[in-house]
Amino acid sequence: MRLNIKRLLRSRKTAILLMSLLLLSLLLSFLVPQRFNTPAAEFSRWQEAHRAWLPVTDFLGLHRLFTTPWFAALLFAFLACLVTATHAQFRIALKKTLGRADQRGQERRSAPSVELAVSGPQLTRQMRLLGYLKIGGGAGAVRFVKHPWGHWGIFLLHLGMLMAIAASLVIVLTGKRGTFRLAEGEIFTPGSPWANEELGMLAGPFLLPEAVRLRKVRPEFWPAGGVKNIRSEVTFIAPDGEATKQTIAMTPILRRRGLRIYQEAAFGTVFYLVFTDGQGVRAALALNLESPQEPRKASYGTFDFAGFPYRIKAKYYADAKKKTLAGDDPLLVIRLVDGPTVIGELSLRNGGEGRLGPYKVHLVQVAKWAGFVFLDTPGMAGVFGGFFIFSLGGVLSYFTIPREFSCQATAGGWRLTWRVSKFRRLYRDEYQTVIGQLRKQEEI
């Protein structure tokens, strides 16, 4: 039974099947929006448009694919395959590097071979001059290898994949992700509920080590339009009261207290309104709207508040003159709606007021808001380390091709057998050059 399992894990078909399933899973994560990094409104629209698929996506957990048990099982199975394959490649590389020349001389009878009347010291000296290293040997035999480290390229390719998959499994099992949104001046304290949270199967609660206060949001735009970057000036407040000012942006990612922190692509403006009815009863409401995409186009939102009898439909322009997205004078237009009936419409700028149906409305304050993503993924360094080793293995495999002369002592000199692991025609001239140099030694 053990032999069958080992053979199954070392099977190329098994590895290809598992790799294909992992690639299919990644494709599904692009086709099915992931709840963690998809805005709530967009996620709701997708669900509404794909109602027939919801039973399947909910059963398989496709909206949180990377934290599902079946995805972890795929990673674990592929990891087991890589462990066995990496061990096998290690043994192969070690044998190729340190194998005895008299053993390797029988490996390929078709390899070019020539007998030369040179002495052992002449052979060794000339091979060193030509860049060949003396490695291993046996009774009356010796090996000279150029770029022997190239034998380890395939092993490093496997080792890099092994490290990346192992680190990914750690992230899937123990990773923590959380998002929240703050308006300028607001504070998110440790233990507050996340707007969105995603935990690995073995992860505990995600609690921030310190509070976060948003001081200022500074969006940056491309000249032709569109968001270039968003930078938020924040203050981290430790439990002992120590305050540290930092900047969180879409890029670069901020690293603090073992966490990776970056800015969500979405941002906008929150409008603080006070509605006063005929009896002097006041209702303080906040309208949170995403930023418009173009200066002359508005951003829209619909709001229902508990205890407030009407629906509010709102839109706003980033600049009252509709000339820029980076303005500090937004224009808010609100409608009061009762079912299909529009009771009234009112346009307001910061500090403005006016009548809207039975209410006097005062726009008390305007502030920008931004969303933040906090990641606790302890295996991420292993993923990057794995890709580095994988890349190194690729470089060794294709740019440091080992070339080897296995030399066997004869009555009149040495018999040289030449081997190259790949690209034989490319290095044929090198073989001729080496033999030519050694033939000159015969004349000395």
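Note that this is a predicted model, so its numbers are computed, not measured.

A. Fine view of the sheet that holds strand S14 (residues 311-317). Here we have four strands laid out as an open sheet, ordered S13-S14-S15-S16, and antiparallel in their pairing. Because the sheet does not close on itself, it has two edges, and the strands there are strand S13 (299-303) and strand S16 (341-348). Geometrically, the sheet is characterised by an average inter-axis angle of 15 degrees between neighbouring strands, direction not taken into account. Bridging between strand S15 (residues 331-338) and S16 involves seven bridges; their strand directions are antiparallel. Within the sheet, the bridge partner assigned to Val337 lies in S16 and is Val342.

B. Spatial organisation of the environment of Gly185. Mapped onto the fold, Gly185 is located in the loop between strand S4 (176-183) and strand S5 (187-188). Judged by its relative accessible area of 39%, Gly185 is partly exposed. Leave out the neighbours within four places in its chain, and Gly185 touches Arg213 and Leu214.

C. Here's a closer look at a nonpolar patch on the surface. A surface patch of nonpolar side chains, about 460 Å² in accessible area, is lined by Leu17, Leu21, Leu24, Leu27 and Leu31. Structurally, the position occupied by Leu31 is in helix H2 (residues 12-31). Overall, the relative accessible area of 55% leaves Leu31 in the exposed class.

D. Examining the confidence of the model for the protein chain more closely. Per-residue pLDDT for the protein chain averages 89, and the proportion of residues at 70 or more is 95%. The spread of mean pLDDT over the elements of the protein chain runs between helix H6 (residues 101-104), the lowest at 48, and S5, the highest at 97.

E. Region of the structure containing the environment of Lys216. Tracing the chain through its elements places Lys216 in strand S7 (residues 211-221). Residues Lys216 and Val114, 102 residues apart in the sequence, show an inter-C-alpha distance of 77 Å. When residues no more than four places from it in sequence are discounted, the contact partners of Lys216 are Glu184, Arg231, Ser232 and Glu233.

F. Molecular detail of H2. Spanning 20 residues, H2 covers 29 Å between terminal C-alpha atoms, matching the ideal 28 Å at 1.5 Å per step. Among all positions in H2, only Thr14, Leu18, Leu22, Ser25 and Ser29 are buried. End-on view of H2: buried residues confined to an arc of 70 degrees, all on one side of the axis. Facing away from the buried side of H2 by more than 90 degrees, the exposed set consists of Arg12, Lys13, Leu17, Leu23, Phe30 and Leu31. Where H2 begins, the side chain of Ser11 points an oxygen toward the backbone nitrogen of Lys13, at a separation of 3.2 Å.

G. Spatial organisation of the pairing of strand S11 (residues 259-276). A large share of S11 lies buried, amounting to 15 of its 18 residues. Summarising the sheet, strand S10 (residues 254-256) and S11 pair through three bridges and their orientation is antiparallel. In the sheet register, Leu254 faces S11, and the bridge partner there is Ile261. What sits between the antiparallel neighbours S10 and S11 is a turn of two residues, in which Arg257 has the positive phi angle 50 degrees.

H. Spotlight on the packing of aromatic side chains. Evaluation of the coordinates by the stated rule reveals 23 aromatic pairs. In this structure an aromatic cluster arises from ring pairing among Phe180, Phe188, Trp194, Phe206, Phe372 and Phe374. The residue whose ring lies beneath Lys228 is Trp222, and the NZ or CZ to ring-centre distance is 5.1 Å. Looking at Lys422, its charged tip hangs above the ring of Tyr398, at a distance of 4.8 Å from the centre.

Rules and cut-offs
Residues numbered from 1 in each chain as written. Predicted model: local features only at pLDDT ≥ 70, side-chain atom pairs only at ≥ 80, totals over all residues. Heavy atoms only, no water. Pairing = 2+ DSSP bridges. Helix = DSSP H or I, 4+ residues; strand = E, 2+ residues; numbered from the N terminus. Axes fitted to C-alpha atoms, helices over the stretch in contact; angles between N-to-C directions. Buried < 20%, exposed > 50% of the residue type's maximum accessible area, 1.4 Å probe, protein only. Contact = heavy atoms within 4.5 Å. Patch = residues over 30% accessible without salt bridge, like charges linked within 9 Å, V, L, I, M, F, W, Y side chains within 5 Å. Areas by Shrake-Rupley, 256 points an atom, 1.4 Å probe, with all protein chains shown as cover. Salt bridge = Lys/Arg side-chain N within 4 Å of Asp/Glu carboxyl O. pLDDT = per-residue confidence, 0-100. Expected span 1.5 Å × (residues − 1). Arc of directions from axis to C-beta. Polar contact = N/O pair within 3.5 Å; in protein donor to acceptor, adjacent residues only side chain to side chain. Phe/Tyr/Trp six-rings, centres within 6.5 Å; stacked < 30°, edge-to-face > 60°. Lys NZ or Arg CZ within 6 Å of the ring centre and 35° of its normal.

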